[in-house]
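Overview (structure and organization)
Residues per chain are reported as follows:
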Amino acid sequence: MRDRHRPARTRRPPHRRGRPVTARRTITRRAPGKLFVVGEYAVVEPGHPAILVAVDRHVAVTVTGSGGDDVVIDSDLRPEPARWRRRDEGLGPVDGRAPDGLTHVVSAIEVVDALLAERGLRPAPMRVSIRSGLHRAGTKLGLGSSGAVTVAAVSAVAAHRGLDLSPADRFRLALLASARRDPGGSGGDLAAAVWGGWIAYRAPDRAAVLDLARRRGVQEALRAPWPGFGLRRLPPPRGLALEVGWTGRPADTATLAGRLRTRTWREGAARHDFLARSDACVRASIRALERRDDHELLRRVRDARKILTDLDGEARLGVFTAELTALCDAAESVGGAAKPSGAGGGDCGIALLDAGAEKDIARLRDGWAAAGVVPLPVRVRPPEGNTE
Ligand SMILES: Nc1ncnc2c1ncn2[C@@H]1O[C@H](COP(=O)(O)OP(=O)(O)OP(=O)(O)O)[C@@H](O)[C@H]1O
Ligand SMILES: C[C@@](O)(CCOP(=O)(O)O)CC(=O)O
């Protein structure tokens, strides 16, 4: 019970409460980009699997102390740094207008701030600098920069305040940050960025985990079970090369994926058929990888192209542009298998083919160049840490 003789203290807003944290001087954290091997679109539905790989290009986020402002964000995608003030409801722009293109980073900072507040720690003023290796001259390559920047920002901001997060906590915080902006995203990009290598991923129910965090706090949302979520490491193919082709055109994933939210699609039989075919294809691809059966994997990736083509025809998404169709045809003409990576409509695609067939790989790249597809020198990034 409160001592009635002591003057009641004014209640301080969450970001002013708690012990000040000793902020570490300069912290940089990197997170890699990703490619979808099979299972895109279906993976948006909780519990439905996809296979992804992390790539050896990344987004780097550096956090240092800031002189005066609560938060300064300096991104290579923006001409000038943006200044933010911590408010009860989250970060607000000092100049009154939120600049475009920083919502992923802002959301990552807000989620870490919320966790700190729950742990009785006060956030420190900071400058957050972002450099992306997942863009070319400011244009995204379609390698998951939004996921990478979210994971790198969560890790760097937490580490700057002395919190060393486990991979699972990094994933969960990044997923909460991303789902607050857009609960439609599967989080497959985040899982690839956190765990690296080849992974099989199933998305949690984002509405349910957001609700959990709102009702019981971020800390509790890190501990509770997340229905639908699944993660499994997979061995890489034994003798296949993974080639990546860029169409040069950025695509808006949210717009394409949003076309599957119509009532007609959600309630129609085509959706069930698509999900069943995609699930069967992903499961067979997982088995092929685990049995080190490269030929079977190639067959399954060709199936995945067909499943996406049928989805595209059925739901009129605009997945297959002329460049992406040419990218796939060129790979199949040299005995490989290929498909768009992710939502399609531009961005990039992948091809798998015999790693020893150097002439075929050269012919593939020539075919791509003739169709206006730029071969990207990208490799798979090896797995990180454990899955805890
Ligand atoms: N260097 C960066 N600085 C700040 N924000 C970034 C940076 N890179 C990416 N982002 C955030 O990610 C968003 C881009 O997300 P988008 O989904 O369009 O591209 P992507 O994730 O690279 O590609 P894809 O989803 O096709 O794999 C940007 O609008 C911005 O909010
Ligand atoms: C369509 C979808 O399954 C994949 C999108 O991939 P990308 O962001 O276009 O690379 C959406 C998602 O998984 O969030």
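Residues numbered from 1 in each chain as written. Chains lettered and ligands numbered in written order. Predicted model: local features only at pLDDT ≥ 70, side-chain atom pairs only at ≥ 80, totals over all residues. Heavy atoms only, no water.

1. Considerations on helix 4 (residues 188-195)
- Of all 8 residues that make up helix 4, 8 are buried, and the element is covered over most of its length.
- Buried within helix 4 we find Gly 188, Asp 189, Leu 190, Ala 191, Ala 192, Ala 193, Val 194 and Trp 195.
- Buried positions along helix 4 lie against strand 2 (26-38), strand 3 (49-65), helix 2 (145-160), helix 3 (167-181), strand 11 (198-202) and strand 12 (230-234).
- At the C-terminal side of helix 4, Gly 196 shows a positive phi close to 65°. (Buried < 20%, exposed > 50% of the residue type's maximum accessible area, 1.4 Å probe, protein only. Helix = DSSP H or I, 4+ residues; strand = E, 2+ residues; numbered from the N terminus. Contact = heavy atoms within 4.5 Å.)

2. Overview of the UniProt feature "domain: GHMP kinase C-terminal" (unreviewed entry) in the protein
- When the UniProt feature table is mapped onto this chain, "domain: GHMP kinase C-terminal" (unreviewed entry) is found at residues 299-366.
- As a span, residues 299-366 carries 56% helix and 16% strand, and end to end its C-alpha atoms are 23 Å apart. (UniProt positions renumbered as here; feature names shortened; annotations may be inferred.)

3. Let's talk about the pairing of strand 15 (residues 348-354)
- Extensive coverage of strand 15 is indicated by the burial of 6 of its 7 residues.
- Alignment of strand 13 (residues 240-246) against strand 15, held across 7 bridges, turns out to be antiparallel. Bridge pairing in strand 15 places Gly 245 opposite Gly 349.
- In this sheet, strand 15 lies alongside strand 14 (residues 337-340) in antiparallel orientation, the contact comprising 4 bridges. Pairing of Ala 338 across the sheet is with Ala 351, part of strand 15. (Pairing = 2+ DSSP bridges.)

4. Some thoughts on the nonpolar core
- Grouped together as the largest cluster of nonpolar side chains are 126 residues, with contacts concentrated most on Tyr 41 and Val 61.
- Looking at this core, the element that brings in the most residues is helix 2, giving 10 residues.
- The residues that make up this core include at least three from each of domain 1 (14-233) and domain 2 (238-376).
- With residues near it in sequence (within four places) discarded, Val 61 still touches Ile 27, Thr 28, Arg 29, Val 128, Ser 129, Ile 130, Val 149, Ala 152, Ala 153 and Ala 156. (Core = buried A, V, L, I, M, F, W, Y, C linked by side-chain atoms within 4.5 Å. Domains from an automatic or database assignment.)

5. A word on the site of ligand 1
- Around ligand 1, the surrounding shell holds 20 residues, and the nearest of these are Lys 34, Ser 75, His 104, Ser 145 and Ser 146.
- At a separation of 2.8 Å, an oxygen atom of ligand 1 approaches a polar side-chain atom of Lys 34.
- Asp 76 places a polar side-chain atom, nitrogen or oxygen, 2.9 Å from a nitrogen atom of ligand 1.
- If ligand 1 stood free it would expose 630 Å²; the protein chains cover 83% of that surface.
- At the level of elements, helix 1 (103-118), strand 8 (126-132) and helix 2 are the ones that each hand at least two residues to the shell around ligand 1.
- Looking at which element gives the most residues to the shell around ligand 1, the answer is helix 2, with 3 residues.
- A class-by-class count of the residues in the shell around ligand 1 yields 6 nonpolar, 10 polar and 4 charged. (Near = heavy atom within 4 Å. Polar contact = N/O pair within 3.5 Å; in protein donor to acceptor, adjacent residues only side chain to side chain. Areas by Shrake-Rupley, 256 points an atom, 1.4 Å probe, with all protein chains shown as cover. Nonpolar A, V, L, I, M, F, W, Y, C, P; charged D, E, K, R; others polar.)

6. A short note on the sheet that holds strand 13
- Pairing in this open sheet of 4 strands is antiparallel, and the strands run 14-15-13-16 from one edge to the other. Of all strands in the sheet, those with a lone pairing partner are strand 14 and strand 16 (374-376), marking the two edges. Strand-to-strand twist of the sheet, defined as the mean angle between neighbouring strand axes without regard to direction, takes the value 30°.
- In this fold helix 10 (residues 294-315) packs onto strand 13, strand 14 and strand 15, with an angle of close to 35° to the strand it touches most, strand 14.
- Running at roughly 10° to strand 13, helix 12 (residues 358-370) makes contact with strand 13, strand 15 and strand 16 of the sheet. (Axes fitted to C-alpha atoms, helices over the stretch in contact; angles between N-to-C directions.)

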